[in-house]
Amino acid sequence: VSWKKISGVATYQIQYSTKRSFKKAKTKNVNGYKKTRVTLKKLKAKKKYYIRVRTILKVNGKTYYSKWSKIKSVKTK
């Protein structure tokens with residue numbers, strides 16, 4: 001999964017699921033403002049996955065979440 005870097009953001013949250021409704025979705029946090037890519041492992045073969053990304057910003061002990069990105073779908077090999 002790759003995304004465009006947003007200045008001032010140190011954490012990205014990736015959510016992926018086999019259902020478009022994201023029920024029973026798995027979530028992965030990626031720390032590091034220079035990172036714009038992550039490899040998701042242990043995915044089932046020949047399945048369609050739905051993926052979305054959002055940013056997490058922590059300011060003075062408060063956590064702010066952005067809206068989720070548009071949903072992208074990909075089929076594994």
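Before reading on, note that the structure itself is shown above.
Note that this is a predicted model, so its numbers are computed, not measured. Residue positions are counted from 1 within each chain, in the order its sequence is given. Selection of residues for local features in this predicted model requires a pLDDT of at least 70, selection of side-chain atom pairs for listing and counting requires 80 or more, and totals for whole chains, interfaces and linings are taken over all residues. In computing side-chain values, all of the structure's heavy atoms are included and hydrogens and water are not.

J.: Now, about the overall build of the chain: what can you tell me, with residues and values included?
T.: Tallying secondary structure elements over the chain gives zero helices and five strands in all. In DSSP terms, a helix is any run of H or I states spanning at least four residues, a strand is any run of E spanning at least two, and both are numbered starting from the N terminus. Along its sequence from the N terminus, the chain presents helices and strands in the succession β-β-β-β-β. Overall, the chain is about 45 × 25 × 20 Å in size when its C-alpha atoms are taken along their principal axes. Burial classes: relative accessible area under 20% of the type maximum marks a residue as buried, over 50% as exposed, and values in between as partly exposed (1.4 Å probe, protein chains only). Taken across its 77 residues, the chain has 29% of its residues classed as buried.

J.: Help me get a handle on unusual backbone geometry, residues and values and all.
T.: For Lys46, which is not glycine, the phi torsion reads 55 degrees and is therefore positive. By the element assignment, Lys46 lies in the loop between β2 (26–31) and β3 (48–59). In this structure, Asn60 is a non-glycine residue whose phi angle is positive, near 50 degrees. Relative to the helices and strands, Asn60 resides in the loop between β3 and β4 (62–65). When its relative accessible area of 79% is taken as the criterion, Asn60 is described as exposed.

J.: Which residues make up the packing of aromatic side chains, and what values go with them?
T.: Aromatic ring pairs are described here by two measures, namely the spacing of the ring centres and the angle between the planes. Two aromatic rings from Phe, Tyr or Trp, using only the six-membered ring of Trp, form a pair when their centres are within 6.5 Å; if the ring planes differ by under 30 degrees the pair is stacked, by over 60 it is edge-to-face, and anything between is tilted. Within the structure shown, the criterion is met by one aromatic pair. When the ring centre of Phe22 is taken as origin, the NZ or CZ atom of Arg52, which lies over that ring, is 4.0 Å away. Placement of a positive charge over a ring is assigned whenever Lys NZ or Arg CZ falls within 6 Å of the ring centre and within 35 degrees of the normal to the ring plane. Here Arg52 stacks its cationic end above the ring of Trp68, 4.5 Å away from the centre of that ring.

J.: Residues and numbers for the nonpolar core, please.
T.: Among soluble globular proteins, nonpolar side chains are generally buried collectively. Residues enter a nonpolar core if they are buried and are Ala, Val, Leu, Ile, Met, Phe, Trp, Tyr or Cys, with the set joined through side-chain atoms within 4.5 Å. Among the nonpolar cores identified, the biggest contains eleven residues, and these are Trp3, Val9, Tyr12, Ile14, Tyr16, Val30, Val38, Leu40, Tyr49, Ile51 and Val53. Contributing elements (two or more residues each) for this core: β1 (11–17) and β3. Apart from residues no more than four positions distant in its own chain, Val30 is found in contact with Trp3, Ala10, Thr11, Tyr12, Ile14, Lys35 and Val38. Residue contacts are defined here by distance: any two heavy atoms, one from each residue, within 4.5 Å place the two residues in contact.

J.: How would you sum up the environment of Asn31? Please name residues and give values.
T.: Assignment of secondary structure puts Asn31 in strand β2. Distance from Asn31 to Lys58, taken between C-alpha atoms, is 12 Å for residues 27 residues apart in sequence. Setting aside chain neighbours within four positions, we find Asn31 in contact with Ala10 and Thr11. Pairing of N or O atoms within 3.5 Å defines a polar contact, subject to two protein rules: one partner must be a possible hydrogen donor and the other a possible acceptor, and residues neighboring in sequence count only if both atoms are side-chain atoms. Among the polar contacts listed, one links the side chain of Asn31 to the side chain of Thr11, at a separation of 3.1 Å.

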